[in-house]
Amino acid sequence: MRARLEAGDAFSCFGSTCSVFVIGDGDCGRATHAVGWARRTLHAWHDRFTRFSPDSELSRLNADPRRAVPVSPMMARFVSAAIDAAEASDGLVDAGLLTEIEAGGYVDHLGRGVDLGAALRVAPARSPAAASPAAAMSRVQVADGVVRRPPGVMLDSGGLAKGLFADVLAERLGTHPSFAVECAGDVRVGGTARLPRPVRVEDPFGGPPLHEFHLGDAGIATSGIGRRSWLDDSGAPWHHLLDPSTGRPAYTGVVQATAIAPTAVEAEMRAKAAVLAGPRKATGWIAHGGVVVLDDGRVHIVHARDDRGGTDE
Amino acid sequence: MTARRMRILRIRRAVAVVAVALFVALFAGIYVQMAAGRDPALGTTTTSSTGDDSTSTQQLPSPAPVTTSQS
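Residues numbered from 1 in each chain as written. Chains lettered and ligands numbered in written order. Predicted model: local features only at pLDDT ≥ 70, side-chain atom pairs only at ≥ 80, totals over all residues.

1. Structural notes on the overall build of chain B
(1) Moving on: For chain B, the count of helices and strands is one helix and two strands.
(2) Moving on: Helices and strands in chain B line up, N terminus first, as α-β-β.
(3) Moving on: By the burial criterion, 11% of the 71 residues in chain B qualify as buried. (Helix = DSSP H or I, 4+ residues; strand = E, 2+ residues; numbered from the N terminus. Buried ≥ 20, exposed ≤ 12 C-beta atoms within 10 Å, placed from the backbone.)

2. Details of unusual backbone geometry
Residue and element names in this part refer to chain A.
(1) Moving on: The residue F14 is not glycine, and still its phi comes out positive at about 55 degrees.
(2) Moving on: Among the secondary structure elements, F14 is positioned in the loop between β1 (4–13) and β2 (16–23).
(3) Moving on: With 24 C-beta atoms packed within 10 Å, F14 lands in the buried category.

3. A short note on the pairing of strand β10 (residues 218–224) of chain A
Residues and elements named next belong to chain A.
(1) Moving on: In terms of residue burial, β10 counts as a mostly covered element, since seven of its seven residues are buried.
(2) Moving on: Here β10 shows two buried faces, one formed by A218, I220, T222 and G224 and the other by G219, A221 and S223.
(3) Moving on: Pairing analysis gives three bridges linking strand β7 (residues 186–190) to β10, with the strands arranged antiparallel. Looking at the pairing, R188 lines up with G219 of β10. (Pairing = 2+ DSSP bridges.)

4. What to know about helix α7 (residues 264–277) of chain A
All names here are of chain A.
(1) Moving on: Given a rise of 1.5 Å per residue, 14 residues ought to cover 20 Å, and the 20 Å separating the end C-alpha atoms of α7 matches this to within 8%.
(2) Moving on: Taken across its 14 residues, α7 has 14 buried, putting it largely inside the fold.
(3) Moving on: Once α7 finishes, G278 follows within two positions and takes phi at roughly 90 degrees, a positive value. (Expected span 1.5 Å × (residues − 1).)

5. Structural notes on the environment of H240 of chain A
Residue and element names in this part refer to chain A.
(1) Moving on: Turning to its location among the elements, H240 is positioned in the loop between β12 (237–239) and β13 (242–243).
(2) Moving on: Spatially, the C-alpha atoms of H240 and G226 are 9.4 Å apart, while their sequence positions differ by 14 residues.
(3) Moving on: In this structure H240 touches I101, Y106 and R228, once residues within four positions along its chain are discounted. (Contact = placed C-beta atoms within 7 Å.)

If you want it as structure tokens, here you go:
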């Protein structure tokens, strides 16, 4: 009797770590082949979507002086997802803030980042973020493989792209009995057997996992201000989650939010919106389940709805 | 003499055709395997958690835990 195995691999990608797990055969062949295919695909997408290489498709799109730019099918899907996220979050989640984030100093891969507790002590007064009346994403369109936007509007792939990548991999990996894709923190789990898989929520302050969900078919993503942070020339703390209304880092009172949703890209949008909305409205963005962590370390858990195979403990 | 040469020519042709056909079939097989993602060089993946090969859900191994963190 031949042993059935769960194949898995963890590797560096997107300036972070990704991992893929697959059980059993499916459209990608055997589990080990599926893992290898997913790894190669993620590396290829990294090269296409990184803004730190002038030769990437994203950098060429951002630098293109034309109003209408033909793009690859995957880039078109990302731009469409970014437009949808802006609309669904009422403008809170804005992928068109690249100019502002680069002006703040985020122009290359960041190292370890600023200690979260130290950054919070010197951060500005807390207030919820708001949409920008002149949101760049409202002027971006995509149709028939062509992106239309005013020249100068630049897109940041960020967490939305990572959620999308996990979802696109899931379209093939979902034919296997069970799989998980963890794409730099954004997770998509599923499979024909709908096996509940433990998904742990990391503590932004470095402690043990805050919670463990058991999800059979879902996306789950975490967003926050604890990573990808730095000090500007004046010594002020910055991070990558900007308030669209000010173009400055958002200090809302929420340091991290985890959201469950049918897809990883929706989970990413919900997690970002929960952080940006502030403590009073954060839990409203994690209706499918999730975890919100406040500045003072308090943790609010919204238990998972089990209509997609999810439970928690 | 001519008949003998003709026979030799036929045999040479047959050997050449068979050799070319075998060569094409072999590399077509390798191409199909690679295109399907079955690359034998992918030896870096790891495996964990063994179980039975039955198609029954109860026989599947427990899925490994994953962690969601700030991206």
